[in-house]
Amino acid sequence: MLDRAHLSRMTFNDRSLEQEVLQLFVARMRKSAPAAIATLAHTLKGSAVGIGASRVAQAAAAAEQAAGRAPHDCDDAIDQLAHAVDEVRAEIAEMQCLR
């Protein structure tokens, strides 16, 4: 799910940055209009790829596409994205405990 080595390289081993990078975007999306959601999801997709979080990148791509459809579709996509982010955050937290 998460390329840990890539994540560490891209965040210079800063664990708090690893968690913040992902959560920030989801929180902002929940309060945004569809056009902003598409932009934020696109940005998160790139960030997720950059840190090796492929599931988050896939969910962000789905949210980006859903932003142009019905509000319900967009809400569901953001919920799926939030779930993917939560999984990655839990994995990062687990990594912190192992250090």
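Before reading further, recall that the structure is shown in the block above.
As the structure is a computational prediction, the values presented were derived from the model and not from experiment.

Definitions and limits used
Residues numbered from 1 in each chain as written. Predicted model: local features only at pLDDT ≥ 70, side-chain atom pairs only at ≥ 80, totals over all residues. Heavy atoms only, no water. Helix = DSSP H or I, 4+ residues; strand = E, 2+ residues; numbered from the N terminus. Rg over C-alpha atoms; globule rule 2.2 N^0.38 Å. Buried < 20%, exposed > 50% of the residue type's maximum accessible area, 1.4 Å probe, protein only. Contact = heavy atoms within 4.5 Å. Lys, Arg positive; Asp, Glu negative; His and termini not counted. Charge placed at Lys NZ, Arg CZ, Asp CG, Glu CD. Core = buried A, V, L, I, M, F, W, Y, C linked by side-chain atoms within 4.5 Å. Axes fitted to C-alpha atoms, helices over the stretch in contact; angles between N-to-C directions. Parallel < 35°, antiparallel > 145°, perpendicular 65-115°, else oblique. Left-handed = near helix turned anticlockwise from the far one by under 90°. Nonpolar A, V, L, I, M, F, W, Y, C, P; charged D, E, K, R; others polar. Salt bridge = Lys/Arg side-chain N within 4 Å of Asp/Glu carboxyl O. Expected span 1.5 Å × (residues − 1). Arc of directions from axis to C-beta.

Undergrad: Describe the overall build of the protein chain, with residues and values.
TA: Counting its regular elements, the protein chain contains five helices and zero strands. Secondary structure of the protein chain in N-to-C order comes out as α-α-α-α-α. The C-alpha radius of gyration of the protein chain comes to 13 Å, within 12% of the 13 Å expected for a compact globule of 99 residues. Overall, the C-alpha framework of the protein chain stretches about 45 × 20 × 20 Å when taken along its three principal axes. Here the protein chain holds 99 residues, and 38% of them are scored as buried. When contacts within the protein chain are restricted to residue pairs at least 6 apart in sequence, those whose partners lie at least 24 apart make up 65%. Seen as two clouds, the 11 positive and the 13 negative side-chain charges of the protein chain have centres 4 Å apart.

Undergrad: Go over the nonpolar core, please, and point to the residues and values.
TA: Val26, Met29, Ile37, Leu44, Ala53, Val56 and Leu81 are the most contacted members of the largest nonpolar core, which totals 27 residues. Looking at this core, the element that brings in the most residues is helix H5 (residues 71-98), giving ten residues.

Undergrad: Explain the environment of Ala59 to me, using residue names and the numbers behind them.
TA: Examined against the element boundaries, Ala59 turns out to sit in helix H4 (residues 54-66). Along the chain, Ala59 and Gly46 lie 13 residues apart, while their C-alpha atoms are 12 Å from each other. Beyond its immediate sequence surroundings of up to four residues, Ala59 is in contact with Gln80, Leu81 and Ala84.

Undergrad: Please provide a residue-by-residue account of the packing of helix H3 (residues 34-51) against H4, values included.
TA: It is the contact of H3 with H4, at a shortest axis distance of 8 Å, that shows an interaxial angle of 165°. Classified by the interaxial angle, the pair formed by H3 and H4 is roughly antiparallel. Viewed along their axes, H3 and H4 form a crossing whose handedness is left-handed. From H3, Ile37, Ala38, Ala41, His42, Leu44, Lys45, Ala48 and Val49 reach across to H4, where they touch Val56, Ala57, Ala60, Ala61, Ala63 and Glu64. For the contact of H3 with H4, the class distribution of residues is eleven nonpolar, one polar and two charged.

Undergrad: Mind laying out the pattern of salt bridges, listing which residues take part and the relevant values?
TA: One pass over the structure, following the stated rule, counts four salt bridges. For the salt bridge of Arg30 with Asp79, the shortest nitrogen-to-oxygen distance reads 3.0 Å. Placement of Arg30 in the loop between helix H2 (15-29) and H3 and of Asp79 in helix H5 is noted, with a sequence separation of 49 residues between them.

Undergrad: Report on H3, specifying residues and quantitative values.
TA: Taking 1.5 Å of rise per residue, the 18 residues of H3 would be expected to cover 26 Å, and the 25 Å separating its terminal C-alpha atoms lies within 8% of that figure. Looking at H3, one finds that the buried residues are Ile37, Leu40, Ala41, Leu44, Ala48 and Ile51. The arc that holds the buried residues of H3, viewed along the axis, is 105°, so those residues lie on one side. Away from its buried face by more than 90 degrees, H3 exposes Ala35 and Val49. Backbone geometry just after H3 places Gly52 at a positive phi near 85°.

These figures capture arrangement, not role.
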